[in-house]
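Next come the chains, spelled out residue by residue.
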Amino acid sequence: MKRILTYIKYELKVFLGNYASMFWMIAFPLLLLTIYTFFFSNLRFGEVELEKASVAYHEEAFMPLYFVEAPKEMPNMETLDKSYIENSLFKGKASEKDKALEALKTDEIDAYVDKDLSLVISKNGISQMIMDEVLTTAKQISSLKLPLTAYDFNRSYTENISEKYSPIDVVFYALFAMISLYGAYLSGTIGNRLIVRGKTIALRYASSPTSKARQVMLGVATSFLWSLFMVAITIAYSEFILKQHFFSPDANNIPLIMSAIIFGISWGLFLGTVIKKESSQTAAIISSLLIMSGISGMFSDGIRTLIQRTFPPILKINPVSLISDELLKVNMLGNYSTLAETVLKLTGYSIILIIISILHIRRKRA
Amino acid sequence: MVIKVENLVKEFKEIRALDSFNLELKEGEILGLIGPNGSGKSTLLLSILGIYSYEKGEIRVFNRELKPNSYDIKRKIGFVPQDLALFEELTVYENIDYFCGLYVRDSKKRKELVNKAIEFVGLEKFRKFIPSKLSGGLARRLNIACGIAHEPELIFLDEPTVAVDAQSRSFILEGIKELNRQGASVIYTSHYLEEVEDLCDRIAIIDQGRNIITGTNEELKDSIITTEIIKITLLEENADILKDLRNLSHVIDVTVKDSEYTVKFDNPKSNIADIAQFLKEKGLTYLKLYTELPSLNDVFLELTGKELRD
């Protein structure tokens, strides 16, 4: 154990051994968080104008939409008018799909809810996001063939939402998601130690009696501790220094953050093994993290909205989008409907990346 | 036998780096490998170490085939690579401790070994220095210490004295001799022929992936001797001697430079007595009269047709 701790100490010293590394690895993300807070914190808890979204829906989608605002009691289904709906988030009427899509193109409406509860939107916003969550819950209830009473009538999706959540939070959570993947920078060096590419350090490892598996494990353990430290320091910095509340003491954060950290380590390991040149590896890690974070809205929630309009599947597969969305849902909305799916997806990604990396390391005997 | 390499063939795509290569290293021996850049020295070392796979042939280390997972054999081996293989962020002590830790798990024993290695390479005053603060020679010593701290029985040193000042070179060579005295078998590659002559029990000349010849320094020189060169310096100049020397039997060439005559015979040995007799008969007094032995460079030139640094 003492030997492992000594190695972890050395690995961290090698990783953070100069001021440039320390700046980019520790100070830069915190600086970015500080700058974001400086510019955007006044937007976070300001009055959010919840302009009602204009929607059209398939007749069969009426019920889930109706329950977006919890009714006081179970309504009489026979007398309920299903052709029109209005609540504090949106107003709209039943419509044929073709007509609705046309209206969507000309911006007459903001969203269309189809028969299968899929949501087609023309822009992103709080109303659409909440509708998406409600529809996801409705889909789950529907797929389980549960009765209508399975809806949580005590839960209001709109109550005090303007006090808890602001669209600008997307930017912060994308940054937190990126920081949770910072282990990639350290795990990216593992490949260079184990694959002989003219690297003399790798020659020392390859000629030693320490197995590659053990060396990978030590590298991964160091990367994990490093990531955990970065996440902890970021949370502490935002909570206690910047006085910005982003994380609730919710245990559901644990599997989410763990799976994010593991994905980050796997991503670095993968890039570090398949890319030969060290400088290209670092460039690939930096650029990939920035691109993934940018897509999920780290630089502007407008970018995210644009992608949601033009090619929404990217947001469903982009790991940083998955992590940032889930952090936001867990900590701001208390919504866990897609948490398990996200954790499984990230774990799946990680397993695939680790398998590819290990196969690559094993085959790379000159 | 510590190492036995038989008919080894190693190819990189279309290039044959080692071609039916044979080599043996006996226990307690220092074997020098000399050859120009790209001759296959480093490829041979990395193949023996199990880092490179190879197409044909057999390599046995401590009488066993060395595979990537032959950890018990690897534990007995130390490797000092040609280029500095150090962490710039770690101190002298930490670097040695890090690499020694790849071989020795017990932290107490490792501490002892690391301190011993630091003392061995004379870096006691620099234990808290990072490599970039060390001179080239001291950094080379650290590079060696990282490879030998675990006290291996077999040591590979790949050109450890490149770009090293004379003082450090002498220190390093003495250190290698000491390691050998302590029982380690050594394979040593170098460009410096004088080092190899001084240090090694046997020498292998490598060119274009082939082991041209292996033997002791004397054996190598004997192998190329088909002529004899005798040098004469006379007390007084003599105008006729050049002609008289050329008329002697077996003499094929005579030249003179700075009052020194160089006489080349077509047979390898025993000509010096005839020359001495000739000078006596002519009543000439000589200041110097000796047979010039071939250098290792001559051996290399003779066997490969090129200079070592071509």
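Below: a short report on this structure. (Residues numbered from 1 in each chain as written. Chains lettered and ligands numbered in written order. Predicted model: local features only at pLDDT ≥ 70, side-chain atom pairs only at ≥ 80, totals over all residues. Heavy atoms only, no water.)

### Details of the overall build of chain A
- Counting its regular elements, chain A contains 17 helices and 5 strands.
- Sequence-distant contacts in chain A: of pairs separated by 6 or more residues, those separated by 24 or more amount to 72%.
- Counting every atom, chain A has about 17,500 Å² of accessible surface; 62% of that belongs to carbon and sulfur. (Helix = DSSP H or I, 4+ residues; strand = E, 2+ residues; numbered from the N terminus. Contact = heavy atoms within 4.5 Å. Areas by Shrake-Rupley, 256 points an atom, 1.4 Å probe, with all protein chains shown as cover.)

### Concerning the packing of aromatic side chains
- Evaluated as defined, the whole model comprises 27 aromatic pairs over all chains.
- Considering the side-chain rings of F23 of chain A and F28 of chain A, the 6.4 Å spacing of their centres and the 55 degrees angle between planes classify their relative orientation as tilted.
- With a centroid separation of 5.0 Å and 55 degrees between ring planes, the pair formed by W24 of chain A and F28 of chain A is classed as tilted. Here F28 of chain A and W24 of chain A lie together in helix α2 (residues 19–44), a separation of 4 residues that amounts to about one turn.
- Classification of W24 of chain A as partly exposed rests on a relative accessible area of 47%.
- Members of the aromatic cluster, connected to one another through ring pairs, are Y36, F40, F172, Y173, F176, F246 and F247 of chain A.
- Seen from the ring of F171 of chain B, R141 of chain B lies directly overhead, with NZ or CZ sitting 4.0 Å from the centre. (Phe/Tyr/Trp six-rings, centres within 6.5 Å; stacked < 30°, edge-to-face > 60°. Buried < 20%, exposed > 50% of the residue type's maximum accessible area, 1.4 Å probe, protein only. Lys NZ or Arg CZ within 6 Å of the ring centre and 35° of its normal.)

### Regarding the side chain of T189 of chain B
All names here are of chain B.
- Relative to the assigned elements, T189 resides in strand β8 (residues 185–190).
- Within the structure, T189 has its side chain in polar contact with the backbone nitrogen of E159 (distance 3.0 Å).
- Every residue in contact with T189, bar those within four places of it in the chain, is listed here: L33, K41, L45, L157, D158, E159 and P160. (Polar contact = N/O pair within 3.5 Å; in protein donor to acceptor, adjacent residues only side chain to side chain.)

### Remarks on the interface of chain B and chain A
- Taken together, the 35 residues of chain B in the interface contact 27 residues of chain A.
- Both faces combined, the contact of chain B with chain A buries some 3,000 Å², and carbon together with sulfur accounts for 59% of it.
- Linking chain B with chain A are 1 salt bridge.
- Between K13 of chain A and E94 of chain B there is a salt bridge; the shortest N-O distance is 2.8 Å.
- Across the chain B-chain A interface, the total number found is 12 residue pairs in polar contact (both at pLDDT 80 or more). (Buried area = accessible area lost by both parts, 1.4 Å probe. Salt bridge = Lys/Arg side-chain N within 4 Å of Asp/Glu carboxyl O.)

### Some thoughts on unusual backbone geometry
Residue and element names in this part refer to chain B.
- Backbone geometry places K13, a non-glycine residue, at a positive phi of 55 degrees.
- Tracing the sequence through the fold places K13 in the loop between β1 (3–12) and β2 (15–25).
- The phi dihedral of S259 falls on the positive side, at around 65 degrees, and the residue is not glycine.
- Of the residues examined, S259 reaches a relative accessible area of 33% and is grouped as partly exposed.

### Examining the pattern of salt bridges
Residues and elements named next belong to chain B.
- This structure, assessed with the given rule, holds 23 salt bridges over all chains.
- E29 is the salt-bridge partner of R202, the closest N and O atoms lying 2.3 Å from each other. Linking R202 in strand β9 (residues 202–207) with E29 in the loop between β2 and β3 (30–34), this pair joins segments that are 173 residues apart in sequence. With respect to burial, R202 and E29 carry one shared label: buried.
- In this structure, the salt-bridge partner of D97 is R110, at a minimum N-O distance of 2.7 Å. On the criterion of sequence distance, the pair formed by D97 in helix α3 (residues 92–100) and R110 in helix α4 (residues 107–120) is long-range, its members being 13 residues apart.
- D97 gets classed as buried once you look at its relative accessible area, which sits at 7%.
- Taking the relative accessible area as the measure of exposure, R110 reaches 2% and is therefore buried.

### Remarks on the packing of helix α11 (residues 212–241) of chain A against helix α12 (residues 253–274) of chain A
All names here are of chain A.
- It is at 10 Å that the axes of α11 and α12 come closest, and there the two elements cross at 130 degrees. Classified by the angle between their axes, α11 and α12 sit oblique to one another. Seen from above, α11 lies across α12 with right-handed handedness. Contacts between α11 and α12 involve V220, S223, F224, S227, L228 and V231 from the first element and I257, M258, I261, I262 and I265 from the second.
- Each residue belonging to the contact of α11 with α12 can be placed in one class, and the counts come to 9 nonpolar, 2 polar and no charged. (Axes fitted to C-alpha atoms, helices over the stretch in contact; angles between N-to-C directions. Parallel < 35°, antiparallel > 145°, perpendicular 65-115°, else oblique. Left-handed = near helix turned anticlockwise from the far one by under 90°. Nonpolar A, V, L, I, M, F, W, Y, C, P; charged D, E, K, R; others polar.)

### Focus: the sheet that holds strand β14 (residues 286–292) of chain B
Residues and elements named next belong to chain B.
- Pairing is antiparallel in the open sheet, where 4 strands are placed in the order β12-β13-β11-β14. The sheet terminates laterally at β12 (251–257) and β14, the two strands that pair on one side only. Averaged over all pairs of adjacent strands, the angle between their axes in this sheet comes to 15 degrees, without regard to strand direction.
- Helix α10 (residues 272–281) rests against β11 (228–234), β13 (260–265) and β14 of the sheet, and its axis sits at about 160 degrees to β14. (Pairing = 2+ DSSP bridges.)

### What to know about empty space enclosed by the protein
All names here are of chain A.
- By the definition in use, this model includes 4 cavities of 30 Å³ or more.
- Its boundaries defined by the atoms lining it, the largest cavity holds a volume of some 130 Å³.
- Residue lining of the largest cavity: 13 residues in total, with E11, R193, Y205, Q215 and G219 positioned closest to the centre.
- The set of elements that each furnish at least two residues to the lining of the largest cavity consists of α1 (2–15), α9 (190–194) and α11.
- At 4 residues, α11 tops the list of elements feeding residues into the lining of the largest cavity. (1 Å grid on protein atoms, 1.4 Å probe; cavity = no way out; pocket = protein on both sides within 12 Å on 5 of 7 lines; lining within 4 Å. Points joined across faces, edges and corners; volume = space filled by probe spheres on them.)

### Thoughts on the pairing of strand β10 (residues 210–215) of chain B
- Here β9 of chain B pairs with β10 of chain B via 5 bridges, running antiparallel. Directly across from I203 of chain B, in β10 of chain B, lies its bridge partner G215 of chain B.

These results come straight from atomic positions and should not be treated as a statement about function.
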